[in-house]
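Each chain, letter by letter, is given below.
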Amino acid sequence: MTQINKLKIFNDPIYGFITIPNELIYDLIQHPYFQRLRRISQMGLSYLVYPGANHTRFHHALGCMHLMQKAVESLRFKGVAISNEEECALLIAILLHDIGHGPFSHAMEKSIVEDVNHEAISLLFMNRLNDEFDGRLSLAIQVFKGEYHRKFMLQLISSQLDMDRMDYLKRDSFYTGVAEGNVNSERLIQMMNVVDDVLVIEEKGIYSVEKFLLSRRLMYWQAYLHKTSLVAELILMKVLKRAKELTLKGIKLPCSEPLLYFMQNKISLEDFDAEKLDLFSQLDDFDIISALKAWQRNPDFILSTLSKMIINRDLLKIKLSADKIPMEESQSLKEEFAEAHNISALDAGYFIFRGKIKNQAYSKAAEPIRILKKDKTIEDVVEASDQLNLKSLSKLVTKYYICFPKQLI
């Protein structure tokens with residue numbers, strides 16, 4: 001039997017060549033659970049606004065692993081002891097951190113798989129893979145859950161300045177063309193250090209941290225919370241909610257078996273056994289898109305109209321405001337739409353609805369980004385910075401929206 005060379009190289013448009021460091025990581029990447037990420041878009045329906053935003057969660061996971069390799073290298077150079085087992089655990093934990101995302105993840109979490117978030121499903125996948133790989137992921141799972149005694153390792157995976165954020169800002173900025181999101185991940189990693197097992201950034205890296213936080217804020221307003229991306233995702237949530245409602249009434253809708261299963265059943269975290277996890281692992285963007293294509297011709301007015309909106313990018317109108325939108329405004333629009341289309345005011349709520357979005361680039365309530373000053377003291381970046389705008393970046397900004405059909409304008 002010929003020996004497969006498992007030390008492969010990926011050519012990434014952001015970082016150049018990404019190397020697979022060992023055979024275990026190669027085998028994890030080759031696993032169907034991980035390969036599924038090739039079929040899940042990183043930015044959901046943002047390609048309706050930014051045509052280049054078609055990159056996948058597969059891309060992103062590899063990018064995070066690459067940045068983690070660089071971080072381990074940089075910390076070791078500064079004398080931080082990281083064993084080969086710990087390095088492997090860090091690489092596996094960051095590689096698999098998003099493996100639990102479903103298709104159009106946030107819309108799915110709020111409509112089909114309602115009570116289970118993607119982090120919980122990631123952990124289920126990791127535990128399942130650990131069984132398959134004879135316990136070789138145990139340390140990675142410990143680190144991922146924050147149960148490992150070396151605190152800085154979790155901070156590299158999940159914090160306000162982690163490899164995940166560094167990659168998605170740089171990658172999403174590249175694929176959308178929103179230049180404001182481009183962060184200098186290389187410099188940020190070079191400025192990292194560990195003091196008393198806690199991750200710190202050396203003082204000379206403070207401007208890179210400020211730029212990182214500003215980039216994050218701008219990417220949220222310009223890309224992730226862009227009003228067209230937002231309305232598209234909200235419509236998708238409504239479509240899936242309607243499809244689930246019809247399915248539970250006994251109406252059989254054309255769609256893939258795994259999607260049908262999750263529409264027919266309310267699944268809690270406790271119900272997620274091996275069989276359901278396998279079904280979930282068969283779901284990807286193609287299930288949703290092909291279902292929308294079929295549902296366009298459904299006799300149900302709500303389902304077909306909303307499905308057409310996404311497929312043909314003929315979306316609802318969305319209006320953003322700094323002030324709360326009065327209920328009367330949406331109520332009168334609902335009544336007008338219900339009358340025009342001979343549907344109930346309740347059903348008109350699928351087309352006319354209000355809500356709010358929040359953006360906070362830096363949270364003072366969460367674990368801080370710590371700056372290691374030249375005198376060896378450690379300070380929260382907001383206190384250490386001479387930039388007034390950092391204080392405003394830690395302020396929670398709320399915007400209110402109302403969505404309604406264009407013909408009502």
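Heads up: the structure comes first, above all this text.
Read on for a plain summary of the structure. Since this is a predicted model, take the numbers as computed values, not measurements.

A few points about the overall build of the chain
(1) Moving on: Within the chain, the regular secondary structure consists of 20 helices and nine strands.
(2) Moving on: By the compact-globule yardstick of 22 Å for 409 residues, the chain fits well, its C-alpha radius of gyration being 23 Å.
(3) Moving on: The buried share of the chain, reckoned over its 409 residues, is 56%.
(4) Moving on: Long-range pairs, those at least 24 residues apart, make up 71% of the contacts in the chain with a sequence separation of at least 6.
(5) Moving on: Put simply, the chain shows about 18,600 Å² of open surface, and 51% of that area lies on carbon and sulfur atoms.
(6) Moving on: Each charge sign in the chain was given a centre, from 52 positive and 53 negative side chains, and these centres are 5 Å apart.

Points about the packing of aromatic side chains
(1) Moving on: Inspection of every chain in the model, using the stated rule, returns 13 aromatic pairs.
(2) Moving on: A centroid spacing of 6.3 Å and a plane angle of 45° characterise the contact between F125 and F280, whose relative ring orientation is tilted. With F125 in helix α6 (residues 118-132) and F280 in helix α14 (residues 274-281), the pair connects residues that are 155 residues apart, well separated along the chain.
(3) Moving on: Taken together, the ring pairs in this structure connect Y33, F125, Y261, F262, F272 and F280 into an aromatic cluster.

Some details on the sheet that holds strand β4 (residues 198-202)
(1) Moving on: Spatially, the four strands line up as an open sheet ordered β3-β4-β7-β8, and their pairing is mixed. Each end of this open sheet is capped by a strand with a single partner; those strands are β3 (192-195) and β8 (378-380). On average, adjacent strands in this sheet sit at an angle of 45° to one another, irrespective of strand direction.

Notes on the nonpolar core
(1) Moving on: If you look at the biggest cluster of nonpolar residues, it comprises 143 residues, and the most contacted ones within it are L95, L156, M163, W295 and V381.
(2) Moving on: Setting aside chain neighbours within four positions, we find V381 in contact with I206, V209, L213, Y362, I369, I371 and L390.

Let's talk about helix α15 (residues 285-295)
(1) Moving on: Of all the positions in α15, only D285, D287, I288, A291, L292 and W295 are classed as buried. Seen end-on, α15 carries its buried residues on one side only, within an arc spanning 165°.
(2) Moving on: The inward-facing, buried residues of α15 contact α5 (105-109), α12 (227-248), α13 (257-264) and α16 (301-311).
(3) Moving on: Two to three positions downstream of the cap, the backbone nitrogen of F286 sits 2.9 Å from a side-chain oxygen, assigning the N-cap of α15 to D284.

Considerations on the side chain of S122
(1) Moving on: Inspection of the secondary structure assignment puts S122 in helix α6.
(2) Moving on: Overall, S122 belongs to the buried group, its relative accessible area being 0%.

A word on the pairing of β3
(1) Moving on: Judged from the four bridges that link them, β3 and β4 form a sheet pairing that is antiparallel. Bridge pairing in β4 places V194 opposite L199.
(2) Moving on: Linking β3 back to β4 in an antiparallel pair, the connection comprises two residues, with D196 at a positive phi of about 50°.

A short note on a positive patch on the surface
(1) Moving on: Judged by side-chain charge, K324, R354, K356 and K358 come together as a positively charged surface patch.
(2) Moving on: With respect to the secondary-structure elements, K356 resides in strand β6 (residues 353-359).

Structural notes on the sheet that holds strand β5 (residues 317-321)
(1) Moving on: A sheet is described by the order of its strands in space; here three strands give the open sequence β5-β9-β6, paired in antiparallel fashion. One side of each edge strand has no neighbouring strand; the edge strands of this open sheet are β5 and β6. Shown here is a sheet whose adjacent strand axes are inclined to one another by a mean of 30°, direction ignored.
(2) Moving on: Pairing of β5 with strand β9 (residues 397-404) involves five bridges; the strand directions are antiparallel. Residue pairing in the sheet places I318 in a bridge with C403 of β9.
(3) Moving on: Sitting on the sheet, helix α11 (residues 206-224) is in contact with β6 and β9, with an inclination near 160° to β6.

Here's the deal with the pattern of salt bridges
When charged atoms on two side chains of opposite charge get close, those side chains can pair.
(1) Moving on: This model, assessed by the stated rule, comprises 21 salt bridges.
(2) Moving on: Several salt bridges share partner residues, and in doing so they unite D12, D167 and R171 into one network.

Calculation notes
Residues numbered from 1 in each chain as written. Predicted model: local features only at pLDDT ≥ 70, side-chain atom pairs only at ≥ 80, totals over all residues. Heavy atoms only, no water. Helix = DSSP H or I, 4+ residues; strand = E, 2+ residues; numbered from the N terminus. Rg over C-alpha atoms; globule rule 2.2 N^0.38 Å. Buried < 20%, exposed > 50% of the residue type's maximum accessible area, 1.4 Å probe, protein only. Contact = heavy atoms within 4.5 Å. Areas by Shrake-Rupley, 256 points an atom, 1.4 Å probe, with all protein chains shown as cover. Lys, Arg positive; Asp, Glu negative; His and termini not counted. Charge placed at Lys NZ, Arg CZ, Asp CG, Glu CD. Phe/Tyr/Trp six-rings, centres within 6.5 Å; stacked < 30°, edge-to-face > 60°. Pairing = 2+ DSSP bridges. Axes fitted to C-alpha atoms, helices over the stretch in contact; angles between N-to-C directions. Core = buried A, V, L, I, M, F, W, Y, C linked by side-chain atoms within 4.5 Å. Arc of directions from axis to C-beta. Polar contact = N/O pair within 3.5 Å; in protein donor to acceptor, adjacent residues only side chain to side chain. Patch = residues over 30% accessible without salt bridge, like charges linked within 9 Å, V, L, I, M, F, W, Y side chains within 5 Å. Salt bridge = Lys/Arg side-chain N within 4 Å of Asp/Glu carboxyl O.

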